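If you want the building blocks of each chain, they are given just below.
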Amino acid sequence: AQKVTQAQTEISVVEKEDVTLDCVYETRDTTYYLFWYKQPPSGELVFLIRRNSFDEQNEISGRYSWNFQKSTSSFNFTITASQVVDSAVYFCALSEVRTGANNLFFGTGTRLTVIP
Amino acid sequence: EPEVTQTPSHQVTQMGQEVILRCVPISNHLYFYWYRQILGQKVEFLVSFYNNEISEKSEIFDDQFSVERPDGSNFTLKIRSTKLEDSAMYFCASSEASGTGGADTEAFFGQGTRLTVV
């Protein structure tokens, strides 16, 4: 069975600090996808990234970067130079191709508060 | 930019009543999903739907729940007899493909419908 663990329930940082959100996953499948979503106070789910299990290249998009390491089953998310607008709950999610690549299994989320 | 739209944004219903949550997926999408998020908790998969039938469903999706695509544009979630514990945010999502077999596609989520059962 799949499992996604986001051990950090809440994180607070001061604006402009860097912050890393941890995500550890479990799956028996060899083909799977990993995701990050942002949920701002308004409640919608904002897609940030999707990676497949065969692509371990790290990715950078502006202030966001992701570190995927299959050896440790982790898919961590780093925000550099954090801003107040980054305050949100961030969810890591996993899907297994076997059961449906868009049938997402979410972690419990990390609430990030960026203090001005 | 095309988006998934959900109506209503907030619905209050009495326990035991039937409720229908509506979603209009992105027009060229073929796969549809419902997720649920109880306040302060994680988002949970309910059901996926393709070609007018359920593809996968979770343990949460019991006989009280049903989904339907009544016409070419809407995708609905019906809860037959609501319980207090059905109070949650319900998210609809759609994708162009299932993402299986290497298809590079993602699911787009709607804004959600907050259901409050009193």
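Below is a summary of the structure that appears in this document.

Okay, the overall build of chain B next. Of the regular secondary structure elements, chain B holds zero helices and 11 strands. Rg of the C-alpha trace for chain B: 14 Å, near the compact-globule value of 13 Å for 118 residues, within the 12% margin. Taken along its principal axes, the extent of the C-alpha atoms in chain B is 45 × 30 × 30 Å. Every one of the 118 residues in chain B was classed for burial, and the buried ones make up 43%.

This next bit is on the sheet that holds strand β1 (residues 5-7) of chain B. Residues and elements named next belong to chain B. Spatial ordering of the open sheet is given by β1-β3-β8-β7, a layout of four strands whose pairing is antiparallel. What marks the edges here is a single partner per strand, and that holds for β1 and β7 (65-68). Across the sheet, the mean angle from the axis of one strand to that of its neighbour is 20°, orientation sign disregarded. Where β7 lies against strand β8 (residues 75-79), four bridges are found, and the strand directions are antiparallel. Bridge pairing in β8 links V67 to L77.

Aromatic ring pairs are reported here in terms of the distance separating the ring centres and the angle at which the planes meet. Following the criterion strictly, the structure yields 23 aromatic pairs over all chains and no others. For the pair F91(B) and F109(B), a centre-to-centre distance of 6.4 Å together with 80° between the ring planes defines the contact as edge-to-face. Of the two residues, F91(B) sits in strand β9 (residues 88-95) while F109(B) sits in strand β10 (residues 108-109), which places them 18 residues apart along the sequence. The same class applies to F91(B) and to F109(B), which are both buried. Every member of this aromatic cluster is reached through a ring pair, and the members are F35(A), Y37(A), F47(A), F91(A), F106(A), Y35(B), F45(B), F91(B) and F109(B). Of note, R50(A) hangs over the ring of Y33(A), and the distance from its end group to the ring centre comes to 3.7 Å.

Conventions we followed
- Residues numbered from 1 in each chain as written.
- Chains lettered and ligands numbered in written order.
- Predicted model: local features only at pLDDT ≥ 70, side-chain atom pairs only at ≥ 80, totals over all residues.
- Heavy atoms only, no water.
- Helix = DSSP H or I, 4+ residues; strand = E, 2+ residues; numbered from the N terminus.
- Rg over C-alpha atoms; globule rule 2.2 N^0.38 Å.
- Buried < 20%, exposed > 50% of the residue type's maximum accessible area, 1.4 Å probe, protein only.
- Pairing = 2+ DSSP bridges.
- Axes fitted to C-alpha atoms, helices over the stretch in contact; angles between N-to-C directions.
- Phe/Tyr/Trp six-rings, centres within 6.5 Å; stacked < 30°, edge-to-face > 60°.
- Lys NZ or Arg CZ within 6 Å of the ring centre and 35° of its normal.

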